[in-house]
Amino acid sequence: MLNTQTWEHFQIHPEEAQALDRDCTTLSRHVLQQLNSFSPDAQDISALMSRIALAGKLIARRLTRAGLLEDALGFTGTVNVQGESVKKMDIYSNDVFISVFKQSGLVCRLASEEMEKPYYIPENCPVGRYTLLYDPLDGSSNLDTNLNVGSIFSIRQQEGNDEDESAQDLLQNGRKQIGAGYILYGPSTMLVYSIGTGVHAFTLDPSLGEFIQANENIKIPEHGPIYSVNEGNFWQWDESMRDYIRYVHRHEGYTARYGGALVGDLHRILYQGGVFLYPGTVKKPEGKLRLLYESAPMAYLIEQAGGRASTGTEEILDVVAEKLHQRTPLIIGSKEDVALVESFIKEQKRISQV
Ligand code: AHG
Ligand code: MN
Ligand code: MN
């Protein structure tokens, strides 16, 4: 029941007043509330999140019209540093983040899945102390069939002066992140973020052009029914992963969901519980997903929501990157479900030592 005292100054009905107040809880205001401060640092973080939100709005706008535009979808014909064929939307999304941050005065570098080396803010632009690491478009294999995709971001503070532009200070563990999150381009566009004070979700209201608060302090269930993995890779996996899959195939209470985009698959697990896996294979033990702008930001978020993220043998947030585009295996989600997957790895190791 509403406490009428708090709404006495409103002339409209309390329920309407509450809805109005919620619509005024924009992302930038929420960040300042979370930091409980209006200091220059807090203002910078709030401004950073607002710029990320602007990038999300620009990408969402392009995505909703991509099918109608001549040159929006399909491949560019080039291969990126990952050795993957690049989609036109990958490049557009990458350029959006550069355009949005170039004149912001908030960042000194942008490191992206789509760029071999970080983009350094040019001399004639204001330079800030933060670095944004991002996957501009996650799940781009979903693009041409109009399925959900996302953007993933990680915020770090520059350490040292990086004069030789080797960006060595980025090669630190994920606990150095000061914020992380993702934008999910689905039936609605959602931005989910954490700056270390819990996980919060915002929904884009296109009529306002604002991300409006949807959920605050999201907690991932300790256990959930979902396991999300590309079982087409079964033949390539270590025996321990195969044993885990055999287990969920033979026990009641599990549901397979795999959408081909980490952001969408993990968003589902954040709300419903379960585990997402992208294991290493015998040929590629390091797996597919990139540490600094996919696994580490997602691990930061999931830990903030009360879950876990592991390589199978090490917490993702403890892994120290040796190179910008380093890959790691990823097991992420509800605590109990991550632990169950790890138990098969431990058992396999025990057997091999007998
Ligand atoms: P990206 O589109 O940024 O390369 O990321 C795709 C990733 C991740 O989003 C998804 O979980 C995974 O690749 C899907 O890989 P498979 O198609 O090999 O299952
Ligand atoms: Mn990705
Ligand atoms: Mn990508």
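That block above? That's the structure.
Now for a look at the structure at hand.

What counts as what
- Residues numbered from 1 in each chain as written.
- Chains lettered and ligands numbered in written order.
- Predicted model: local features only at pLDDT ≥ 70, side-chain atom pairs only at ≥ 80, totals over all residues.
- Heavy atoms only, no water.
- Phe/Tyr/Trp six-rings, centres within 6.5 Å; stacked < 30°, edge-to-face > 60°.
- Buried < 20%, exposed > 50% of the residue type's maximum accessible area, 1.4 Å probe, protein only.
- Lys NZ or Arg CZ within 6 Å of the ring centre and 35° of its normal.
- Helix = DSSP H or I, 4+ residues; strand = E, 2+ residues; numbered from the N terminus.
- Polar contact = N/O pair within 3.5 Å; in protein donor to acceptor, adjacent residues only side chain to side chain.
- Contact = heavy atoms within 4.5 Å.
- Donors = N, O, S within 2.8 Å, 3.2 Å for Na, K, Ca; no water.
- 1 Å grid on protein atoms, 1.4 Å probe; cavity = no way out; pocket = protein on both sides within 12 Å on 5 of 7 lines; lining within 4 Å.
- Points joined across faces, edges and corners; volume = space filled by probe spheres on them.
- Nonpolar A, V, L, I, M, F, W, Y, C, P; charged D, E, K, R; others polar.

This part takes up the packing of aromatic side chains. What the rule picks out here adds up to seven aromatic pairs. Consider the rings of Tyr 193 and Phe 202, whose centres lie 6.1 Å apart with planes at 45°: the pair is tilted. A single burial state applies to Tyr 193 and to Phe 202, both of which are buried. Lying over the aromatic face of Tyr 92, Arg 62 brings its terminal NZ or CZ to 4.3 Å of the ring centre.

In this section: the side chain of Thr 131. Checked against the element boundaries, Thr 131 lands in strand β5 (residues 130-138). A relative accessible area of 0% places Thr 131 in the buried class. Within the structure, the side chain of Thr 131 is placed 2.9 Å from the side chain of Arg 109, a separation counted as a polar contact. Excluding anything up to four places from it in sequence, Thr 131 contacts Cys 108, Arg 109, Ser 154, Ile 155, Arg 156 and Leu 170.

This paragraph deals with the coordination of the manganese ion (ligand 2). In this structure, Asp 135 (OD), Asp 138 (OD) and Glu 294 (OE) serve as the protein donors to the manganese ion (ligand 2), at separations of 1.9 to 2.1 Å. One chain supplies every donor for the manganese ion (ligand 2), spaced along it as D-x2-D-x155-E. A separation of 3.7 Å is found between the manganese ion (ligand 2) and the manganese ion (ligand 3), which share Asp 135 as a coordinating residue. In this pair, the class of Asp 135 matches that of Asp 138, namely buried.

A word on the environment of Val 79. Structurally, the position occupied by Val 79 is in strand β1 (residues 75-79). Val 79 gets classed as exposed once you look at its relative accessible area, which sits at 57%. Sequence separation of Val 79 and Gly 150 is 71 residues, and the distance between their C-alpha atoms is 20 Å. Those residues in contact with Val 79 that lie beyond four places of it in its chain are Glu 84, Ser 85 and Val 86.

Once that is clear, we can look at empty space enclosed by the protein. Using the criterion set out here, one finds one cavity of 30 Å³ or more in the structure. Estimated volume of the largest cavity: approximately 30 Å³. Taken together, Tyr 182, Leu 266, Leu 270, Leu 301 and Ile 302 make up the full set of residues lining the largest cavity. Elements with a minimum of two residues in the lining of the largest cavity: α7 (262-272) and α8 (291-304). Considering only residue class, the lining of the largest cavity consists of five nonpolar, no polar and no charged.

All we've got here are geometric facts, nothing functional implied.
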